[in-house]
Number of protein chains: 2
Amino acid sequence: MDRAVEDLTARARIRDAAVRLFGERGIEGASIRDIAAEAGVSSGLVRHHFGSKEALREACDQYAKERMLQIGAELTKDGNLTGLDPLTLHPLAFPLQLYLVRSMMDGSETATALFLEGVEAVEEWTTSFGINPKDRRGYAAALAAIKLSVFVFRDQVSKALGEDITTPAGYNRIGQALMEVFTIPLLTQEQVDHMRKQEK
Amino acid sequence: MDRAVEDLTARARIRDAAVRLFGERGIEGASIRDIAAEAGVSSGLVRHHFGSKEALREACDQYAKERMLQIGAELTKDGNLTGLDPLTLHPLAFPLQLYLVRSMMDGSETATALFLEGVEAVEEWTTSFGINPKDRRGYAAALAAIKLSVFVFRDQVSKALGEDITTPAGYNRIGQALMEVFTIPLLTQEQVDHMRKQEK
DNA sequence: TACTTGACTACACGATCGTGTAGTAGTTTG
DNA sequence: CAAACTACTACACGATCGTGTAGTCAAGTA
């Protein structure tokens, strides 16, 4: 990050603090006073700049979405990312993802829209790479959810691995493991068909 | 469910209401008064039976974990489940999963312990089925997280599919899609190796 | 200089939170 | 029969919540 914290405007500091605290503690769990303290301003200034807590949340939604798209564009431009890479855990995206997941779980439309865009991106990716599942949409939705899963349960996964997956080393390890999931076929088509008949 | 709601003791009704509301709104988002109203009792009775909100949460943790293991045992006993089935979305497990995920995100040790047990179960499953990833532990952790992913983003996935995945029809559809993820290899081993070199 | 405007703070408001206290009704127990 | 215990309610407490109001201060503008 090339921006020093003290160089940011108060409004930006508030927004960054809100994304962080909302993401860490949930929307209900982070108070305006907490956010103001984190940003080093009075609680009244939060209201001055954003009007209400709900409006602050929407501003965070918008900002997080734009930043995520921006970061995604930059990383894919360098050509070192495929549609499957766990961009999710990239240091720049980390607090934004944390926030967006919380916001999704709280029913945010903006965050949900970003998920849907992700599904469509995966859909196009499978098409262009010649992957043809029977239910492309369902397949893409499952993959989009999977891309976020390791992130949502980062604490649990870290504990299982005995290694913090938010560090570069751990991030690489779980990334490799995730790749292996997509490399080793766990089931044969016959098994899947057999299961389908059994289910209801 | 063979138990009628009105037949449950007040304590059980409170616990069920707490699991439901904690799961839907998060721990901070559900007040003791909300839970009491949902259970049809006074807020004082919640305190009488559980002592404090934190103690109520721990009781819910314990109950949800036991019920999940119980349900899992019953379903696998019938022999119509493999280690990969999205038990996650089973009607019986649904509110429990909802709660456990929220509890995990709030740092619950009991819920995290359940996740770790899930990782170990997947580890044993891969071993007995002759699946040999380079990092078995990491592989199992990724799979454990994936099993929960579709569930966490059920609203988003439902919206992407235009079909509620908590209904039997939608549940089958996303289940099939998830199976396909494990059936179609997305990457070759060479691609994975190539990626590994690129990363850092 | 006088006026406006935007960033910012201090403080008080009603509501709601988790919790504490006191007490009632019904059953059990000696 | 009296004492004890359990399930349960009503109500009040201090703290904290989001929000509202009033005002300070600095910069720009006519």
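Conventions and cut-offs
- Residues numbered from 1 in each chain as written.
- Chains lettered and ligands numbered in written order.
- Predicted model: local features only at pLDDT ≥ 70, side-chain atom pairs only at ≥ 80, totals over all residues.
- Heavy atoms only, no water.
- Helix = DSSP H or I, 4+ residues; strand = E, 2+ residues; numbered from the N terminus.
- Buried < 20%, exposed > 50% of the residue type's maximum accessible area, 1.4 Å probe, protein only.
- Contact = heavy atoms within 4.5 Å.
- Areas by Shrake-Rupley, 256 points an atom, 1.4 Å probe, with all protein chains shown as cover.
- Expected span 1.5 Å × (residues − 1).
- Near = heavy atom within 4 Å.
- Polar contact = N/O pair within 3.5 Å; in protein donor to acceptor, adjacent residues only side chain to side chain.
- Axes fitted to C-alpha atoms, helices over the stretch in contact; angles between N-to-C directions.
- Parallel < 35°, antiparallel > 145°, perpendicular 65-115°, else oblique.
- Nonpolar A, V, L, I, M, F, W, Y, C, P; charged D, E, K, R; others polar.

Tell me about the overall build of chain A, and please be specific about residues and values.
Counting its regular elements, chain A contains ten helices and zero strands. In chain A, the succession of helices and strands from N to C terminus is α-α-α-α-α-α-α-α-α-α. Expressed as a percentage of its 200 residues, the buried residues of chain A come to 52%. A separation threshold of at least 6 residues defines the contact pool for chain A, and within that pool the share at least 24 residues apart is 60%. When the accessible surface of chain A is split by element, carbon and sulfur atoms take 51% of a total near 9200 Å².

With reference to specific residues and values, describe helix H7 (residues 136-152) of chain B.
For H7(B), built from 17 residues, the straight-helix expectation of 24 Å at 1.5 Å per residue is met to within 8% by its first-to-last C-alpha distance of 24 Å. In terms of burial, H7(B) is largely enclosed, as 14 of its 17 residues are buried.

An account of the protein's contact with DNA strand D is needed here, citing residue identities and associated values.
For DNA strand D, the set of nearby residues contains 15 residues, the closest of which are Arg33(A), Arg47(A), Lys53(A), Ser42(B) and His49(B). Expressed as a percentage, the sugar and phosphate content of the atoms of DNA strand D within 4 Å of the protein is 58%. At a separation of 3.4 Å, a phosphate oxygen of DNA strand D approaches a polar side-chain atom of Ser31(A). Here a phosphate oxygen of DNA strand D and a side-chain polar atom of His49(B) are 3.0 Å apart. The element contributing the most residues to the surface near DNA strand D is helix H3 (residues 43-50) of chain B, with four residues.

Could you give an account of the packing of helix H5 (residues 94-105) of chain A against helix H7 (residues 136-152) of chain A, with specific residues and numbers?
Residue and element names in this part refer to chain A. Closest axis-to-axis distance for the H5/H7 pair is 11 Å, and the angle between their directions is 105°. With respect to H7, the element H5 is oriented roughly perpendicular. On the side of H5, the interface is formed by Phe 94, Gln 97, Leu 98, Val 101 and Met 104, while H7 contributes Leu 148, Phe 151 and Val 152. Among the residues forming the contact of H5 with H7, the class breakdown is seven nonpolar, one polar and no charged.

Describe helix H8 (residues 154-161) of chain A, listing the residues and the values that go with them.
Taking burial as the measure, the eight residues of H8(A) include six buried ones, the bulk of the element. For H8(A), the set of buried residues is Arg154(A), Gln156(A), Val157(A), Ser158(A), Ala160(A) and Leu161(A). Elements in contact with the buried residues of H8(A): H5, H7 and helix H9 (168-181) of chain A together with helix H5 (94-105), helix H6 (109-128) and H7 of chain B. Gly162(A) occupies a position one or two residues after H8(A) and carries a positive phi of about 65°.

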